[in-house]
Amino acid sequence: MNLLIPVGYSLIFSLSAFIIAFLLFTRRPREFKDNFEGKVSIVIAARNEESVIEKTIINLERSKYKNFEILVINDGSTDSTGEILNKLKERFSNLRVVDIPIEEKHGKVRALNIASRMINGDLMMILDADALVDENYISGAIKPFSDPSIGFVQTGRRVFNHSFVPEIYDGDFALTNIMMEYVIAPRSFGSGFILRAKYIKDLFPLKDSISDDQQISNLISKKKIKGTFNSTVMLYESAPLSFKTLIKQRKRWFLGSFMEMIRNNMSGFFLNTITVFLADIIIVSLFIGRFSFFNIAFICFLVFIPLILLMHRKKFKIGNILAKWAGSVVSYLVDIMICNASIFLSVVKFGKDVKWFKTPREGVQA
């Protein structure tokens, strides 16, 4: 009898969570029917991107939307990135390249700050150097700006290289896209972020940071800039092929994010900290075999993920549901482990100079 009480509460909680999730995930997102025809300034920060930069630029130049420029900040590259860009400049008149000397301070934040002062467009679109998009991406991505109240847009992201570790990323991205469309307030993911030019002075220059996307997200929230998530278009990027690189990259994400939360929003930092520790309790209780409210709810949550993915399989082009489910779960478990160390390091290193570091490209563009 004592066992049935927590079981009953857990099932009621899980069923309620599923009903709420079903209602949220079936909510109709806003549709933008009018087109936006302003000039788009595409900004790419590139450091040692010889394996991907040419295909990224050529792919963008094939866009059906023609009113755009590409501004590449060559951030002290020591490989052939500079030579490739110089040759591309001869082919494409709308391509501009700014070279940051090798001996100067580097990092994506610095590159974005430079670019923010040089754009000529009505919109500033930030893309990573490995971003692959189709010919309708630009026109589809900027469509929400037909509403004058929209200040920023974040488009969906997926992974183009597929093996074990990239599948983890793609599962995480697929679930995040659905959450961002129906539940979570829109924010910046770094790549695929588009800002109306009149708000550039509200965000830039950014402060030195290893997490540009978290800093931008904090600023658009602080400045109350209205935005939306746009799932009608997707950009595809490469994912690390090894767990070692995955952990290193996510360590930078979390460390930078927590340091930004401490600097700008202490309540947000503590809320995330509590969430992480609560998740730890759930996972530990699950693995040590204690039959509790927490691990039953967690198991039910794991069951709901494939249902949510299945519900939106067609719209978000999910593909293999089992692979995406496994990827999102593994990603969650990895994130929890890294989160604990990142919380500690963010407090220890707060106020100190933490150098930005670039995750190497292990995949080749499809």
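Please refer to the structure higher up on the page.
Reading the values: the criteria
Residues numbered from 1 in each chain as written. Predicted model: local features only at pLDDT ≥ 70, side-chain atom pairs only at ≥ 80, totals over all residues. Heavy atoms only, no water. Helix = DSSP H or I, 4+ residues; strand = E, 2+ residues; numbered from the N terminus. Contact = heavy atoms within 4.5 Å. Polar contact = N/O pair within 3.5 Å; in protein donor to acceptor, adjacent residues only side chain to side chain. Core = buried A, V, L, I, M, F, W, Y, C linked by side-chain atoms within 4.5 Å. Buried < 20%, exposed > 50% of the residue type's maximum accessible area, 1.4 Å probe, protein only. Pairing = 2+ DSSP bridges. Axes fitted to C-alpha atoms, helices over the stretch in contact; angles between N-to-C directions. Patch = residues over 30% accessible without salt bridge, like charges linked within 9 Å, V, L, I, M, F, W, Y side chains within 5 Å. Areas by Shrake-Rupley, 256 points an atom, 1.4 Å probe, with all protein chains shown as cover. Salt bridge = Lys/Arg side-chain N within 4 Å of Asp/Glu carboxyl O.

Regarding the environment of Gln154
Tracing the chain through its elements places Gln154 in strand β5 (residues 152–159). It is 5.7 Å that separates the C-alpha atoms of Gln154 and Gly192, two residues lying 38 residues apart in sequence. With residues up to four places along the chain from it excluded, the contact list for Gln154 reads Arg187, Ser188, Phe189, Gly190, Ser191, Gly192, Phe193, Thr228, Phe229 and Asn230. Within the local environment of Gln154, its side chain forms a polar contact with the backbone oxygen of Gly192, the two atoms lying 3.4 Å apart.

What about the nonpolar core?
In terms of nonpolar packing, the biggest core is built from 37 residues, with Ile42, Ile44 and Met125 touching the most fellow members. At the level of elements, β1 (40–46), α2 (53–61), β2 (68–75), α3 (81–91), β3 (95–100), β4 (123–127), α5 (137–141) and β7 (227–237) are the ones that each hand at least two residues to this core. Apart from the residues lying within four places of it in its own chain, the contact partners of Met125 are Val40, Ser41, Ile42, Val43, Tyr137, Ile138, Ala141, Ile142, Phe193 and Ile194. Ile73, Ala111, Leu112 and Ile114 belong to the second largest nonpolar core, which has 26 residues in total.

Notes on the sheet that holds β4
Here we have seven strands laid out as an open sheet, ordered β3-β2-β1-β4-β6-β5-β7, and mixed in their pairing. The open sheet is flanked by β3 and β7, the only strands paired with a single partner. Going from strand to strand, the sheet's axes swing by 20° on average, the running direction of each strand aside. Pairing of β1 with β2 involves seven bridges; the strand directions are parallel. By the bridge assignment, Val43 is partnered in β2 with Leu71. The strands touched by helix α4 (residues 108–116) within the sheet are β1, β2, β3 and β4, with β2 carrying the most contacts at an inclination of about 140°.

Overview of α2
Judged by how many residues are buried, α2 sits mostly within the fold: seven of nine residues are covered. Among all positions in α2, only Ile53, Thr56, Ile57, Ile58, Asn59, Leu60 and Glu61 are buried. Looking at the packing, one finds that the buried side of α2 touches β1, β2, α3, β3 and β4.

A look at a nonpolar patch on the surface
The grouping of Phe164, Phe243 and Ile247 at the surface amounts to a nonpolar patch, some 300 Å² of accessible area in total. The topology assignment puts Phe164 in helix α6 (residues 164–182).

Overview of the environment of Asn320
Turning to its location among the elements, Asn320 is positioned in the loop between α11 (293–311) and α12 (321–348). With ten residues separating them in the primary sequence, Asn320 and Leu310 have C-alpha atoms 9.6 Å apart. At 3.1 Å, the side chain of Asn320 and the backbone nitrogen of Leu322 are in polar contact.

Considerations on the pairing of β7
With nine of eleven residues buried, β7 lies mostly within the body of the structure. Pairing between β5 and β7: eight bridges, direction parallel. Across the sheet, the residue bridging to Phe152 is Gly227, located in β7.

Describing the side chain of Asn74
Turning to its location among the elements, Asn74 is positioned in strand β2. A polar side-chain atom of Asn74 sits 2.6 Å from a polar atom in the side chain of Ser77. In this view, Asn74 contacts Ala46, Thr81, Gly82, Leu85, Val97, Val98, Asp99 and Ile100; residues no more than four positions away in its chain are not counted.

Observations concerning unusual backbone geometry
Most of the time, phi is negative for any residue but glycine, and the peptide bond is trans. Of the consecutive residues Phe204 and Pro205, the connecting peptide bond is found in the cis state with omega at 5°. Secondary-structure assignment places Pro205 in the loop between α7 (200–203) and α8 (212–222). Residue Asn48 is not a glycine yet carries a positive backbone phi of 55°. With respect to the helices, strands and loops of the structure, Asn48 is situated in the loop between β1 and α2. Positive phi is not limited to glycine here, since Lys224 has a value of about 55°. Along the chain, Lys224 turns up in the loop between α8 and β7.

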